Amino acid sequence: MKVPNSPAAVNAAVNPVEKSANSHCLETDGKTDGVGVSQKTCKTYCYAEALRGWCAVTNLPHNIEMLRTSYKWLLALLLAGMMPFKGVSQNDTLVTKGRTLREVTVRGEQRRNLTSTAPFQQVNNQQLLQQGITDLSDALRRFSGVNVKDYGGAGGVKTVSVRSLGSQHTAVAYDGVAVSDLQSGQVDLSRFTLDNIRSLSLAIGDNEDIFLPARTVASAATLRLQTLLPDLVDKNYHLKAEVKTGSFGMLNPFMRYDQKLSEKVSASVSGDYLRADNQYPFKLVNGENITHEKRTNNQIETWRTEGNVYVRPSANSTLNGKVYYYQSWRELPGPVILYNPFGHEKEMDRNFFAQANYKTQWESGFSLLLNGKFNWAYSHYHDEGGQYPGGELNNKYYQREYYGSAVLMYEPTEHLAFSYAGDYAYNTLNANANLKSKPLRHTVLQTLSGRWHVDRLAVTAVLLRSDYWNKTKVGNPSKDAHRFSPSLSLSWKALADEELYLRASYKDVFRVATFTENYFDRLGSRDLNPEIARQYNVGATYLWQGDGLLSSVQVSADGYFNYVKDKIVAKPYNMFYWTMLNMGKVHIWGTDVNLDADFRLAEEHHLLLNGSYTYQYAVDKTMKESLSYENQIPYTPRHSGAASLAWENPWLNASVHATGVSNRYTTEVNTKQNMLDGYIEYGVSLYRNFHWKGALLSLRGEVVNLGNKQYSIVKSYPMPGRSFKLTLSVEI
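(A) Seen up close, the overall build of the chain. Looking only at helices and strands, one finds six helices and 39 strands in the chain. Expressed as a percentage of its 732 residues, the buried residues of the chain come to 57%. For the chain, the computed accessible surface area is about 30,100 Å², with 58% contributed by carbon and sulfur atoms.

Here it is as structure tokens:
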């Protein structure tokens, strides 16, 4: 049996390894900042200092006539956003309801981390450089509570799970619009490059940011990627060219060009190419015998291009459009098997999407956010062998999605705000084999949200209404699903004169089965119930700032309990066939701790210390009679952590970093035979910027896995040992 999107989809479909505002800102001089500010400081134009962005929920009737009414409301909101309104002058002040607000400078990301009513972590592009972060999966491993599955090698499949809930419970939003994959339910993060990212943030549960599409808050956690914006204040164009080269045949050129088309319109285009042989050495242990092998059938080539248009129709509105294309060809090495190092599996992936975003606000206290997206994805799995007719297998899968969203927020006072969000998505999946039913799904998500803050207390409440209608062109469809999901969070400044904030949150969320789980031939089940997760969290954040050697230190700690029921797992029906069932119950107790400190050694000399630690007791609670009862769920370490120390100076910036996890188990039954050893991986990076004839040159060298530690994140998929990377970039 071959499952699409190997090996990640294989893992999701047949291997039961996981039981499981800041300111609401608009463009200013060509720069935009929305939720998740990436710069250390951002200039914001806000109607009130309490305006931090928001999101929403309301009820959707079950019958089709009421569904049509919901569509009419979405259309009405769209038309309302295009209606003329009184503009605000493009100077450094805003005048609203008799109040004049001067331009203010805030440390957006710092305030957001401090006051957030739910756990929130964020890094910007400068911090990525300082901490020696090499790719998106490396960045996520520095976050607490995150478990990244990496199948090894540059460009290899990488998926993320937050607090052991599973990758299907983690949404990924790219410039505010969710990335979807209804085939497997999980997003391959290797499709995105850090070269084009200005900020990366992770929100667990719902916080005070309620100016968001309903789909963004319909998951247990949301990973938000914000891309770079044109910096065209002093010139009409900007060009960046970069090339990376490294061990195991890695070559990765990147280019981005920004152009100012008029005072209100700018555009950017970027693209990169990645190729790598990934034939790295590893040790194969067979009892007392140890042999030195080399990873084969692991080559990859990817192409990625993206175009953006940024329009500012008026001083308090923005309109952004994006076109994205990604293509990859990769060999799938498969697990390491004794005496059989060769493989013939390959996969071709293509993905195209176009999305648009419109945001505006009025002096009456209303704000509007509109999103639209079309997504097309293609996957071709190829294998060779005598077991296939004609000696080869070619499975092809096609996905399409049409998506629209509208968010309306109203702030009657600077202490109170409400929002409503309505999202609609239409998804289809076609295949030439193993998926004969040709499923399609209508999804309507609605949120009604409110936020109240006064003095030192902030409270946010969200009610999510989810409606899923399933149909098939052949055979019977899976069951429809309809449910309300509430969440509540609060933040309290415990001391009037100290930056100490306490928080507590609760969120109820569920996910429906993916198309693979419902319909895949001889595996899927149309009778699956939605998987339900309930999240409880309490935490605190403290910030201290001084004028001495220790410039600032911020510490945050969260304790949480997650309860999962009707866990969707794959179980063997007999020795040849597997089937999907609702069987699992999981209890997850955990603690996340984060530390950030800045030491001022001298003028222009800083030491930046960052650290994170996670403890997770995530156990199976399905049946007391089971051998796996109260065993740690697969691929979930009890202990994990990361640390980095960066020295910024006028000569040569340097950073050292480490990530590590304790022992894990590959199945529900925790035996020595099923245990993966823990590991600690070290790395070092050096970088320096030069100015030459009006151009900015940057040179960076990195050593990954400095100790040449051999380890695996997924069983039988060895990770690379020591490797080197050199990056040269030029900006004009």
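(B) Structural detail: unusual backbone geometry. A positive phi angle, close to 50°, is found at R163, a residue other than glycine. Note that R163 resides in the loop between strand 7 (158-162) and strand 8 (170-174). The phi torsion at Y635 lies on the positive side, around 60°, for a residue other than glycine. Mapped onto the secondary structure, Y635 falls in the loop between strand 30 (605-620) and strand 31 (639-648).

(C) Focus on the pattern of salt bridges. Here the structure, examined in full by the defined rule, presents 25 salt bridges. Of the charged contacts, one joins R275 and D277 as a salt bridge, the two residues approaching to 3.0 Å between their closest N and O atoms. On the basis of relative accessibility, which here comes to 21%, the residue R275 falls in the partly exposed class. Three or more residues are tied together by salt bridges with common partners; here these are R511, E517, E531 and K567.

(D) Up close: a nonpolar patch on the surface. Taken together, the side chains of V243, L251, F690, L699, L726 and L728 define a hydrophobic patch exposed on the protein surface, amounting to about 460 Å² of accessible area. In this structure, L726 sits in strand 39 (residues 723-731).

(E) Looking closely at the packing of aromatic side chains. One pass over the structure, following the stated rule, counts 20 aromatic pairs. With a centroid separation of 6.3 Å and an interplanar angle of 35°, the aromatic rings of F192 and Y324 are classed as tilted. Taken together, the residues span a long stretch of sequence, with F192 in the loop between strand 9 (177-179) and strand 10 (197-204) and Y324 in strand 18 (residues 317-331) at a distance of 132 residues. Across this residue pair, the class does not change: F192 and Y324 are buried. Of note, K373 hangs over the ring of F353, and the distance from its end group to the ring centre comes to 4.3 Å. Over the ring of F484 we find R465, and its NZ or CZ is 4.6 Å from the ring centre.

(F) Quick look at the sheet that holds strand 9. What the five strands build is an open sheet, ordered 5-10-11-8-9; its pairing is mixed. Looking at which strands have only one partner, the edges of the open sheet turn out to be strand 5 (120-124) and strand 9. For this sheet, the mean inter-axis angle between neighbouring strands, taken without regard to orientation, is 25°. Two elements, strand 8 and strand 9, share three bridges in a ladder whose sense is antiparallel. Bridged to Y174 within strand 9 is V177.

(G) Layout of the pairing of strand 26 (residues 499-511). Pairing analysis gives seven bridges linking strand 25 (residues 481-493) to strand 26, with the strands arranged antiparallel. In the sheet register, W492 faces strand 26, and the bridge partner there is L502. Taking the residues that link successive antiparallel strands as the turn, the strand 25-strand 26 hairpin has five residues. Bridge count for strand 26 against strand 27 (residues 531-545) is 13 bridges, and the pairing is antiparallel. From the neighbouring strand, V509 faces strand 27, where its bridge partner is A533.

(H) Fine view of the pairing of strand 35 (residues 679-692). One ladder, built from nine bridges, connects strand 32 (residues 653-661) with strand 35; its direction is antiparallel. Opposite T659, over in strand 35, you have E681 as the bridge partner. Sheet topology places strand 35 next to strand 36 (residues 695-704); ten bridges connect them, and they run antiparallel. By the bridge assignment, L686 is partnered in strand 36 with G701. Remark: two residues form the turn of the hairpin made by strand 35 and strand 36, two consecutive strands paired antiparallel; K693 in that turn has positive phi of roughly 50°.

(I) Fine view of the confidence of the model for the chain. Per-residue confidence for the chain averages 83 on the pLDDT scale, and 82% of its residues sit at or above 70. Element-level mean pLDDT values for the chain span from 31 in strand 1 (residues 42-44) up to 97 in strand 13 (residues 250-260). Taken together, the stretch residues 1-111 has pLDDT below 50 and engages in 347 contacts with residues farther than four places along the chain or on a different chain.

(J) Geometry of the environment of D150. Among the structural elements, D150 can be located in strand 6 (residues 146-150). Classification of D150 as buried rests on a relative accessible area of 3%. For D150 and Y717, which are 567 residues apart along the polypeptide, the C-alpha to C-alpha distance reads 8.6 Å. The residues touching D150, leaving out its near neighbours within four places in the chain, are S137, R141, V157, K158, I713, V714 and M719.

(K) Looking closely at the nonpolar core. One finds L140, L200 and L225 to be the most contacted residues of the largest nonpolar core, which totals 28 residues. Those elements that place two or more of their residues in this core are helix 5 (136-141), strand 6, strand 7, strand 8, strand 10, strand 11 (221-227) and strand 18. Per-element accounting of this core gives the leading share, four residues, to strand 10. Among all residues touching L225, those that are not within four sequence positions of it are L136, V172, A173, Y174, D175, F192, I197, S199 and L200. I210, L445, Y468 and F510 belong to the second-largest nonpolar core, a separate cluster that totals 15 residues.

(L) Region of interest: the side chain of R163. Note on R163: relative accessible area 3%, which makes it buried. Residues within four places of R163 in sequence aside, it is in contact with P119, G145, I204, N537, D558, Y560, N562, I588, D592 and Q616.

(M) Fine view of the side chain of N594. Looking at the element boundaries, N594 is found in strand 29 (residues 578-602). A residue is classified by how much of its surface remains accessible, and N594, at 13% relative accessible area, is buried. Within polar-contact distance, the side chain of N594 engages the side chain of S144 at 3.0 Å. Aside from chain neighbours lying at most four places away, what touches N594 is Q121, S144, Q554, V555, S556, G611 and S612.

(N) The arrangement of the environment of I568 in detail. In this structure, I568 sits in strand 28 (residues 550-572). The spatial distance from the C-alpha of I568 to the C-alpha of N529 is 8.2 Å, given a sequence separation of 39 residues.

What counts as what
- Residues numbered from 1 in each chain as written.
- Predicted model: local features only at pLDDT ≥ 70, side-chain atom pairs only at ≥ 80, totals over all residues.
- Heavy atoms only, no water.
- Helix = DSSP H or I, 4+ residues; strand = E, 2+ residues; numbered from the N terminus.
- Buried < 20%, exposed > 50% of the residue type's maximum accessible area, 1.4 Å probe, protein only.
- Areas by Shrake-Rupley, 256 points an atom, 1.4 Å probe, with all protein chains shown as cover.
- Salt bridge = Lys/Arg side-chain N within 4 Å of Asp/Glu carboxyl O.
- Patch = residues over 30% accessible without salt bridge, like charges linked within 9 Å, V, L, I, M, F, W, Y side chains within 5 Å.
- Phe/Tyr/Trp six-rings, centres within 6.5 Å; stacked < 30°, edge-to-face > 60°.
- Lys NZ or Arg CZ within 6 Å of the ring centre and 35° of its normal.
- Pairing = 2+ DSSP bridges.
- Axes fitted to C-alpha atoms, helices over the stretch in contact; angles between N-to-C directions.
- pLDDT = per-residue confidence, 0-100.
- Contact = heavy atoms within 4.5 Å.
- Core = buried A, V, L, I, M, F, W, Y, C linked by side-chain atoms within 4.5 Å.
- Polar contact = N/O pair within 3.5 Å; in protein donor to acceptor, adjacent residues only side chain to side chain.

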